[in-house]
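# Observations on the model geometry
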Amino acid sequence: METEELREEPETVEETALHEESTEGEEPAEAGVDRRQEVETFLRTFPGVGVEDIPGEVWARAAGGLGLTGAWAIHENGLLRQRLAALEQNGENRARSLGSLGSRQSVSGGGSIEAYWEEAGS
């Protein structure tokens, strides 16, 4: 009966980078040092990011030569741009909206619908 080798999944960014380093075959010592420095830079720059937070596209960009820090920065920038666009759109929608007809504020921000109704009827 064959015994299967159990492989633990890395849980941190540093463990993941080191795991990739060990599975890529023999690297020159300088490349290992560079990778370790890249991971340390990433961890200092983005301290709250865990391995589970990093999508495949970021790992692909990092492996493509951009580096983990640069790849994550591009990813995070894209997320922030989407969030900003949504906030701007919500603001534009709120500005165009008449608001709830049951509210006590009018479009101009003062009075109520009842007050205008009473003025018009006078």
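Everything numeric in this text was worked out from a predicted model, so none of it was measured. Residue numbers run consecutively from 1 along every chain, following the written order of its sequence. A pLDDT threshold of at least 70 governs which residues receive local features in this predicted model, and a stricter bar of 80 or more applies before side-chain atom pairs are shown or counted, although totals over entire chains, interfaces and linings include all residues. Side-chain metrics in this entry use all non-hydrogen atoms of the structure; hydrogen atoms and water are not considered.

## Focus: the packing of aromatic side chains
Aromatic ring pairs are reported here in terms of the distance separating the ring centres and the angle at which the planes meet. Any Phe, Tyr or Trp ring, taking Trp's six-membered ring, that has another such ring centre within 6.5 Å forms a pair; planes under 30 degrees apart are called stacked, those over 60 apart edge-to-face, and the others tilted. Within the structure shown, the criterion is met by 3 aromatic pairs. Between Phe42 and Phe46, the ring centres sit 5.4 Å apart and the planes meet at 50°, which makes this aromatic pair tilted. With respect to burial, Phe42 and Phe46 carry one shared label: buried. Seen in terms of ring centroids, Phe42 and Trp72 are 6.4 Å apart; in terms of plane orientation they differ by 85°. Their pairing is edge-to-face. Of this pair, Phe42 sits in helix H2 (residues 29–45) while Trp72 is found in helix H4 (residues 68–96), placing the two residues 30 residues apart along the sequence. The same class applies to Phe42 as to Trp72, namely buried. By way of ring pairs, the aromatic residues Phe42, Phe46 and Trp72 are connected into one cluster. Burial classes follow relative accessibility: with a 1.4 Å probe on protein chains only, a residue under 20% of its type's maximum area counts as buried, one over 50% as exposed, and anything between as partly exposed. Secondary structure is summarised from DSSP: a helix means a run of H or I of at least four residues, a strand means a run of E of at least two, and numbering begins at the N terminus for each.

## Here we look at the packing of helix H3 (residues 56–66) against H4
Taken N-terminus to C-terminus, the directions of H3 and H4 make an angle of 135°; their axes are 8 Å apart at the nearest point. Viewed along their axes, H3 and H4 adopt a mutual orientation that is oblique. As for how H3 packs across H4, the hand of that crossing is right-handed. Contacts between H3 and H4 pair Glu57, Val58, Trp59, Arg61, Ala62 and Leu66 from the former with Leu68, Gly70, Ala71, Trp72, Ile74 and His75 from the latter. The classification used treats Ala, Val, Leu, Ile, Met, Phe, Trp, Tyr, Cys and Pro as nonpolar, Asp, Glu, Lys and Arg as charged, and all other residues, Gly among them, as polar. Looking at the contact of H3 with H4 residue by residue, the class counts come to 8 nonpolar, 2 polar and 2 charged. Note on geometry: axes are lines fitted to C-alpha atoms, helical ones only across the stretch in contact, with angles between N-to-C directions running from 0 to 180 degrees. When describing relative orientation, an angle under 35 degrees is termed roughly parallel and one over 145 degrees roughly antiparallel, while 65 to 115 degrees is termed roughly perpendicular and anything else oblique. Should the near helix be turned anticlockwise from the far one by less than a right angle, the crossing is termed left-handed; should it be turned clockwise, right-handed. The contact definition used throughout considers only heavy atoms, calling two residues in contact when any of these lie within 4.5 Å.

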